[in-house]
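# Tertiary structure, described
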Amino acid sequence: MNQEKKIAVYPGSFDPVTLGHMDIIKRSAVLFDTVIVAVLSNSAKTALFSSSDRVNMIQELVRDYPNVIVESFEGLLVDYARSKNARIIIRGLRAVSDFEYELQIAQTNRVENPQLDTLFLTTSLNYSYISSTIVREFASYGGDISPFVPEEIIPLIEAKYQH
Ligand code: ADP
């Protein structure tokens, strides 16, 4: 029997983490021995939260899930996954509009590292319209973001838009 631990990486910007992301994290935690939520630390992209803030926020939110680890990463996802002995990349699929790009990335990653498979989890229907972009947009106009993000992080997001 194969005793190898099943380690999966769930990469993303998570700027900020939404209820849709949390749903994927929790469902993945049931499927794998270890889930590494990998926060993309991309200096070229202007982010609302620093990668360390994003890591801290998610860490707080998953503290009841002992097999979920949160880290930031830089560079190629395939290299990061290899360094973690992960064989699975998890991505969430919201709509057909996500599909073309996600398929291309998944196929590219498999060429780069044939050991690596991408697993798509379809979003839960009630979260399918949520994106970090929508959250930032709503928050910037003082909108109610409580339907979109975990309540613990609402004050942190709102504080970013107070002048
Ligand atoms: P990226 O910049 O890599 O797209 P995101 O933080 O926007 O990072 O998303 C990370 C992953 O989570 C992606 O696979 C994305 O499709 C998925 N995702 C985003 N929003 C949702 C949602 N509402 N429900 C399910 N999955 C989602």
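Since we're looking at a predicted model, the values are computed, not measured.

Bringing the overall build of the chain into the picture now. A count of helices and strands for the chain gives six helices and five strands. In sequence order, the chain lays out its α and β elements as β-α-β-α-β-α-β-α-β-α-α. For 163 residues, the compact-globule formula gives about 15 Å, and the C-alpha radius of gyration of the chain, at 16 Å, lands near that figure. Counting every position in the chain, which comprises 163 residues, the buried fraction comes to 41%. Summarising the internal contacts of the chain: among those between residues at least 6 apart in sequence, 76% fall at separations of at least 24. On the chain, the mean spot of the 15 positive side-chain charges and the mean spot of the 20 negative ones are 5 Å from each other.

It is worth spelling out unusual backbone geometry at this point. In this structure, the amide linkage connecting Asp15 to the following residue, Pro16, adopts the cis form with an omega of 0 degrees. Position of Pro16 relative to the elements: it lies in the loop between strand E1 (7-12) and helix H1 (19-31). One non-glycine residue with positive phi stands out, namely Phe14, at about 50 degrees. Topologically, Phe14 is positioned in the loop between E1 and H1. Overall, Phe14 belongs to the buried group, its relative accessible area being 3%. Even without being a glycine, Asn85 presents a positive backbone phi close to 60 degrees.

The next point concerns the nonpolar core. Among the nonpolar cores identified, the biggest contains 33 residues, and Ile25, Ile58, Ile90, Ile145, Val149 and Ile157 are the most heavily contacted of them. Secondary structure elements with two or more residues in this core: E1, H1, strand E2 (34-40), helix H2 (51-61), strand E3 (68-73), strand E4 (88-93), helix H5 (132-140) and helix H6 (154-160). Setting aside chain neighbours within four positions, we find Ile157 in contact with Pro16, Phe49, Val135, Ala139, Ile145 and Val149. Counting 12 residues, the second largest nonpolar core, distinct from the first, contains Ala38, Tyr80, Ala86 and Ile89.

The final tally for this structure, using the stated rule, is 10 salt bridges. We note a salt bridge from Glu102 to Arg91, for which the minimum N-O separation is 2.7 Å. Taken together, the residues Glu102 in helix H4 (residues 96-112) and Arg91 in strand E4 connect sequence positions 11 residues apart. By relative accessible area, which is 22% here, Arg91 ends up partly exposed. Three or more residues are tied together by salt bridges with common partners; here these are Asp15, Arg54 and Arg136.

Turning our attention to the side chain of Asp15. Secondary-structure assignment places Asp15 in the loop between E1 and H1. Asp15 gets classed as buried once you look at its relative accessible area, which sits at 6%. Polar side-chain contacts of Asp15 include one of 2.8 Å to the backbone nitrogen of Leu48. Ignoring any residue separated from it by four or fewer positions in sequence, one finds Asp15 in contact with Ala47, Leu48, Phe49, Arg54, Ser132 and Arg136.

For the rest of this paragraph, the subject is the packing of aromatic side chains. As enumerated under the stated definition, the model contains four aromatic pairs in all. On the numbers, 5.2 Å between centres and 75 degrees between planes, the contact of Tyr10 with Phe14 is edge-to-face. Here Tyr10 and Phe14 have matching classes, each one buried. Where Phe138 meets Phe148, the ring centres are 5.4 Å apart and the plane angle is 85 degrees; that geometry is what we call edge-to-face. Here Phe148 lies in the loop between H5 and H6 and Phe138 lies in helix H5, a separation of 10 residues in the sequence. Through a chain of ring-to-ring contacts, three or more aromatic side chains come together here, namely Tyr129, Phe138 and Phe148.

Right, let's talk about the environment of Leu93 for a bit. Position of Leu93 among the secondary structure elements: in strand E4. Remark: the alpha-carbon pair of Leu93 and Val30, spanning 63 residues in sequence, is separated by 18 Å. Setting aside its immediate chain neighbours within four residues, Leu93 contacts Asp98, Phe99, Glu102, Phe120, Leu121, Thr122 and Thr123.

Definitions and limits used
Residues numbered from 1 in each chain as written. Predicted model: local features only at pLDDT ≥ 70, side-chain atom pairs only at ≥ 80, totals over all residues. Heavy atoms only, no water. Helix = DSSP H or I, 4+ residues; strand = E, 2+ residues; numbered from the N terminus. Rg over C-alpha atoms; globule rule 2.2 N^0.38 Å. Buried < 20%, exposed > 50% of the residue type's maximum accessible area, 1.4 Å probe, protein only. Contact = heavy atoms within 4.5 Å. Lys, Arg positive; Asp, Glu negative; His and termini not counted. Charge placed at Lys NZ, Arg CZ, Asp CG, Glu CD. Core = buried A, V, L, I, M, F, W, Y, C linked by side-chain atoms within 4.5 Å. Salt bridge = Lys/Arg side-chain N within 4 Å of Asp/Glu carboxyl O. Polar contact = N/O pair within 3.5 Å; in protein donor to acceptor, adjacent residues only side chain to side chain. Phe/Tyr/Trp six-rings, centres within 6.5 Å; stacked < 30°, edge-to-face > 60°.

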